[in-house]
Amino acid sequence: VLRTFVASSSGHISRFDARVVGEVSVALGAGRAAVHDSVDPGVGIVLRVKVGGAVEAGDALADVHAANTEAAERAVAELAGAVDIVPDRVTRRALILERMEHKDAVSPAKPTAVVHD
């Protein structure tokens, strides 16, 4: 069953909570809550927007693939709490905030050879 999660208003995506999306995916059967749980490869969530993206009311934000209608409707309802849409343009945070290197780290630009006797 395919259901589309749509924007409730126009504006810019300021938040799409990855934890909620992950928890909803697990509830659909796309992931494991416990090691013995099975995974259904036919279910899941496909996000169609990114934080910072402009949307109009009714635009598709995500596609929910579920095993049945009830699960699909529940997932769409839960996703509503995972997204915030604001009127003003949003600046996306950098994906890499800072690079940390250890003093003994080998730079990938300067490979070294290790010789064993």
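Look up: the structure comes first, before these words.
Residues numbered from 1 in each chain as written. Predicted model: local features only at pLDDT ≥ 70, side-chain atom pairs only at ≥ 80, totals over all residues. Heavy atoms only, no water.

## Some details on the overall build of the protein
Summing up its helical and strand segments, the protein has 2 helices and 6 strands in all. Reading the helices (α) and strands (β) of the protein from amino to carboxyl end gives β-β-α-β-β-β-α-β. By residue count, 26% of the 117 residues in the protein fall in the buried class. Partitioning the intrachain contacts of the protein with sequence separation of at least 6 by distance along the chain shows that 70% fall at a separation of at least 24. Only carbon and sulfur atoms are counted for the fraction: they give 53% of the accessible area of the protein, which is about 8500 Å². (Helix = DSSP H or I, 4+ residues; strand = E, 2+ residues; numbered from the N terminus. Buried < 20%, exposed > 50% of the residue type's maximum accessible area, 1.4 Å probe, protein only. Contact = heavy atoms within 4.5 Å. Areas by Shrake-Rupley, 256 points an atom, 1.4 Å probe, with all protein chains shown as cover.)

## Considerations on the sheet that holds strand β4 (residues 54-55)
The strand order β4-β2-β6 describes an open sheet built from 3 strands, whose pairing is antiparallel. Each of the sheet's edge strands pairs with one partner strand only, and the pair in question is β4 and β6 (83-86). Relative to β6, strand β2 (residues 11-16) is paired through 4 bridges, and the arrangement is antiparallel. Looking at the pairing, His-12 lines up with Val-86 of β6. (Pairing = 2+ DSSP bridges.)

## Observations regarding helix α1 (residues 18-28)
Those residues of α1 that fall on the buried side of the exposure criterion are Val-21, Val-24, Ser-25 and Leu-28. All buried residues of α1 project into a common sector of 105 degrees when viewed along the axis, lining one side. Of the residues in α1, the exposed ones pointing more than 90 degrees away from the buried face are Arg-19 and Ala-27. Contacts from the buried residues of α1 go to β2, β3 (44-47), β5 (60-65) and α2 (69-79). For α1, the N-terminal capping position is held by Asp-17, with its side-chain oxygen 2.9 Å away from the main-chain nitrogen of Arg-19. One or two residues past the end of α1 sits Gly-29, with phi positive at roughly 110 degrees. (Arc of directions from axis to C-beta. Polar contact = N/O pair within 3.5 Å; in protein donor to acceptor, adjacent residues only side chain to side chain.)

## Remarks on α2
Regarding α2, the residues found buried are Ala-71, Ala-72, Ala-75, Val-76 and Leu-79. The arc that holds every buried residue of α2, seen down its axis, measures 135 degrees, which confines them to one face. Set apart from the buried face of α2 by more than 90 degrees, the exposed residues are Glu-70 and Ala-77. Lining the buried residues of α2 we find β1 (2-6), α1, β3, β5 and β6. Two to three positions downstream of the cap, the backbone nitrogen of Glu-70 sits 3.2 Å from a side-chain oxygen, assigning the N-cap of α2 to Asn-68.

## Looking at the packing of α1 against α2
Angle between the axes and distance between the axes: these two values describe a pair of packed helices. One way to put it is that α1 packs onto α2 with a least axis distance of 10 Å and a crossing angle of 170 degrees. Viewed along their axes, α1 and α2 adopt a mutual orientation that is roughly antiparallel. Each of Val-20, Val-21, Val-24 and Leu-28 in α1 lies in contact with α2, whose residues at this interface are Ala-71, Ala-75, Glu-78 and Leu-79. Among the residues forming the contact of α1 with α2, the class breakdown is 7 nonpolar, no polar and 1 charged. (Axes fitted to C-alpha atoms, helices over the stretch in contact; angles between N-to-C directions. Parallel < 35°, antiparallel > 145°, perpendicular 65-115°, else oblique. Nonpolar A, V, L, I, M, F, W, Y, C, P; charged D, E, K, R; others polar.)

## Digging into the environment of Asn-68
If you trace the backbone, Asn-68 turns up in the loop between β5 and α2. For the pair Asn-68 and Val-1, spaced 67 residues apart in the sequence, the C-alpha separation amounts to 5.7 Å. A polar side-chain atom of Asn-68 sits 2.7 Å from the main-chain amide nitrogen of Ala-71.

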